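Examining the three-dimensional arrangement
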Amino acid sequence: MPTSHQSGSRPTVDDLPMPHQLFLLSLQAEKGRLDDDSEPVRGSLLSAAALAELCIAGLVHSRDGKAERTNAGTPAALDPFLAEVLGDVPPSRPRSWFEVLESRWNRAEGTVRDHLVEAGHIAIEHRQILGPIRRTRIVATDPPQVEALRERVRDAVRAGSEPASGHQEAVLATLAIDGLVGTMFRWRDLRTHKRAIRALAGRIDQEMPGLRKALTYSIAARRGG
């Protein structure tokens, strides 16, 4: 379980929580901005990534199709964004996955971005273009680490099986596909690896029942569907 960074040290990209990794995977390095395709649903995707991580960590599980807190104690060094999402699941009763996803979808992107800036993983550059017009660029401070993560997530689909490095890449790949994150997979990849994609998604649905279904509804709400 990734923990909040400590002053004077910076975790590697591999040590970051899944929402932060998904943010970095959505970054178009050559353009200095996040991909356009997933822009409307990014908040929902980041919240879903946080919930998935909380499930993997044993802090949240599914009960009767809803998200429920477990009896596990909250780690003192839990990442702040994960802590916020955990706080959206009441300790006293289960809550629908959709309600949890909808709790902070409109704040998730800004929160994760600010955490990445504070931790030194991205920099925000403001450039004057013409008169009062300014251009903002998002720059990864360690592009090779981001690209290495990107390849591992893609390999989860290409291999068609659970990645040797862990469950995390399978979750990130599935969320990226669900949200049409344009930096990750081409349409040709999705056609070629349809069976592997279904297998990965099915495994996540089995381990976190209700989460992806709720994400589908959340994505539809953002895209006006």
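Please refer to the structure higher up on the page.
None of the values given here were measured: they were computed from a predicted structure.

Moving on, we get to empty space enclosed by the protein. The tally for this structure, following the rule as stated, stands at 2 cavities of 30 Å³ or more. If you add up the space inside the largest cavity, you get close to 40 Å³. Contributing elements (two or more residues each) for the lining of the largest cavity: α7 (168–178) and α10 (211–222). By residue number, the principal contributor to the lining of the largest cavity is α7, which donates 3 residues. Looking at the lining of the largest cavity, its residues break down into 6 nonpolar, 1 polar and 1 charged. The space that makes up the second largest cavity amounts to roughly 30 Å³. Every residue along the wall of the second largest cavity is listed here: R154, V157, R158, F185, D189 and H193.

Let's shift gears to the nonpolar core. Ranked by size, the top nonpolar core spans 61 residues in total, and within it F23, L51, V60, W97 and F185 carry the most contacts. The element that contributes the greatest number of residues to this core is helix α2 (residues 42–56), accounting for 9 residues.

In contact at an axis separation of 8 Å, helix α1 (residues 18–25) and α2 are set at 140° when each is read in the N-to-C sense. Crossing angle aside, the handedness with which α1 passes α2 is right-handed. Across the interface between the two elements, M18, P19, L22 and F23 of α1 pack against L45, L46, A49, A50, A52, E53 and I56 of α2. Class assignment of the residues belonging to the contact of α1 with α2 gives a composition of 10 nonpolar, no polar and 1 charged.

Take the pattern of salt bridges next. Enumeration according to the criterion identifies 18 salt bridges in this entry. Residues R42 and D35 are paired through a salt bridge, measuring 3.5 Å at the closest nitrogen-oxygen approach. With respect to burial, R42 and D35 carry one shared label: buried. Two residues, R154 and E147, come together in a salt bridge whose shortest N-O distance is 3.9 Å. Relative accessible area serves as the criterion here: at 16%, R154 is assigned to the buried category. Here E147 falls in the partly exposed class, since its relative accessible area comes to 36%.

As for its placement among the helices and strands, L116 is situated in helix α5 (residues 105–119). With a relative accessible area of 0%, L116 lands in the buried category. In sequence terms L116 and Q21 are 95 residues apart; their C-alpha atoms lie 9.6 Å from each other. Each residue touching L116, except ones within four places of it in the same chain, is listed here: L16, H20, F23, L24, H121 and I122.

Analysis parameters
- Residues numbered from 1 in each chain as written.
- Predicted model: local features only at pLDDT ≥ 70, side-chain atom pairs only at ≥ 80, totals over all residues.
- Heavy atoms only, no water.
- 1 Å grid on protein atoms, 1.4 Å probe; cavity = no way out; pocket = protein on both sides within 12 Å on 5 of 7 lines; lining within 4 Å.
- Points joined across faces, edges and corners; volume = space filled by probe spheres on them.
- Helix = DSSP H or I, 4+ residues; strand = E, 2+ residues; numbered from the N terminus.
- Nonpolar A, V, L, I, M, F, W, Y, C, P; charged D, E, K, R; others polar.
- Core = buried A, V, L, I, M, F, W, Y, C linked by side-chain atoms within 4.5 Å.
- Buried < 20%, exposed > 50% of the residue type's maximum accessible area, 1.4 Å probe, protein only.
- Axes fitted to C-alpha atoms, helices over the stretch in contact; angles between N-to-C directions.
- Left-handed = near helix turned anticlockwise from the far one by under 90°.
- Contact = heavy atoms within 4.5 Å.
- Salt bridge = Lys/Arg side-chain N within 4 Å of Asp/Glu carboxyl O.

Functional significance is not addressed by these values, which are geometric in nature.
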